[in-house]
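Structural description and commentary
Each chain, letter by letter, is given below.
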Amino acid sequence: MKRSLFVIFTVLVLSTVLLAACGGGTTTSSEPEPPAEYAGKSNPFGNQADAVAAGEALFAERCASCHGPEGAGDGAAAASLDPKPADLSVKLPEGDDFLFWRIMDGGAMEPWNSSMPAHKGILTEDQVWQLVSYIRSLPQ
Ligand code: HEC
């Protein structure tokens, strides 16, 4: 009797642990969180049309060679890159602070180790937010 209770208890505990381990990943994104310097920042331009237009021009100039003219990850340089440029027209991470961070600091860090260039010191913060406005305007 005691023994079978112990077995039932063990099975219950194990299944709870397993469920927690599996379920945890489904609700939250697996993307790393932006560092404190960027966390919680919000786009001052939102989806304003002039910011989207300014971002579109910047994108054509600085991003399309890798990410493609429509952000689909199919720029001229994409074939030779590993990892491939992100397809910005399919899935975008939720946080604008995340996108701002990724454009500012680029991909030369864990877990990406990619050729995504950093733009801090090259573009102004306003320009980077305009790029975020443009990327968000792409059909998802
Ligand atoms: C030299 C090629 C290259 C250029 C130029 C480039 N990127 Fe990237 N980008 C990448 C690669 C490769 C990745 C995928 C790996 C990574 O996330 O670091 C990426 C990832 C990203 C991501 C992360 C997307 C996600 O879903 O996590 C964003 C946002 C982004 N790029 C925006 C831009 C913007 C905006 C520009 C122009 C200012 C730009 N990139 C210019 C190569 C490039």
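One can find the structure itself at the top, above this paragraph.
All of these numbers come straight from a predicted model, not from anything done at the bench.

**Some remarks on the site of the ligand**
Residues in close proximity to the ligand total 26 residues, the closest being Cys63, Cys66, His67, Ser114 and Met116. At 2.6 Å, a side-chain N or O of arginine 102 approaches an oxygen atom of the ligand. Between serine 114 and the ligand, the recorded distance is 2.6 Å, taken from a side-chain N or O atom to an oxygen atom. Put simply, the parts of the chain that give the shell around the ligand at least two residues each are α3 (64-67), α4 (96-105) and α5 (125-137). If you tally residues by element for the shell around the ligand, the top one is α4, at 4 residues. In terms of residue class, the shell around the ligand is built from 16 nonpolar, 5 polar and 5 charged.

**As for the nonpolar core**
If you look at the biggest cluster of nonpolar residues, it comprises 25 residues, and the most contacted ones within it are Phe59, Leu88, Phe100, Ile103, Val128, Leu131 and Ile135. Of all the elements in the fold, those that place two or more residues in this core are α2 (49-62), α4 and α5. Apart from residues no more than four positions distant in its own chain, phenylalanine 59 is found in contact with Ala64, His67, Gly68, Pro69, Gly71, Leu88, Leu131, Tyr134 and Ile135.

**Some words on α2**
Think of an α-helix as turning once every 3.6 residues; residues three or four places apart then point the same way. The end-to-end C-alpha separation of α2 is 20 Å, in line with the 20 Å expected for 14 residues at 1.5 Å each. For α2, every residue scored as buried is listed here: Ala51, Val52, Gly55, Leu58 and Phe59. Down the axis of α2, the sector holding all buried residues measures 125 degrees, keeping them to one side. When the buried face of α2 is taken as reference, the exposed residues oriented beyond 90 degrees from it are Ala49, Asp50, Ala60 and Glu61. In the core, the buried residues of α2 are packed alongside α3 and α5.

Procedures and definitions
Residues numbered from 1 in each chain as written. Predicted model: local features only at pLDDT ≥ 70, side-chain atom pairs only at ≥ 80, totals over all residues. Heavy atoms only, no water. Near = heavy atom within 4 Å. Polar contact = N/O pair within 3.5 Å; in protein donor to acceptor, adjacent residues only side chain to side chain. Helix = DSSP H or I, 4+ residues; strand = E, 2+ residues; numbered from the N terminus. Nonpolar A, V, L, I, M, F, W, Y, C, P; charged D, E, K, R; others polar. Core = buried A, V, L, I, M, F, W, Y, C linked by side-chain atoms within 4.5 Å. Buried < 20%, exposed > 50% of the residue type's maximum accessible area, 1.4 Å probe, protein only. Contact = heavy atoms within 4.5 Å. Expected span 1.5 Å × (residues − 1). Arc of directions from axis to C-beta.

Honestly, that's just the spatial picture; any functional story needs more than this.
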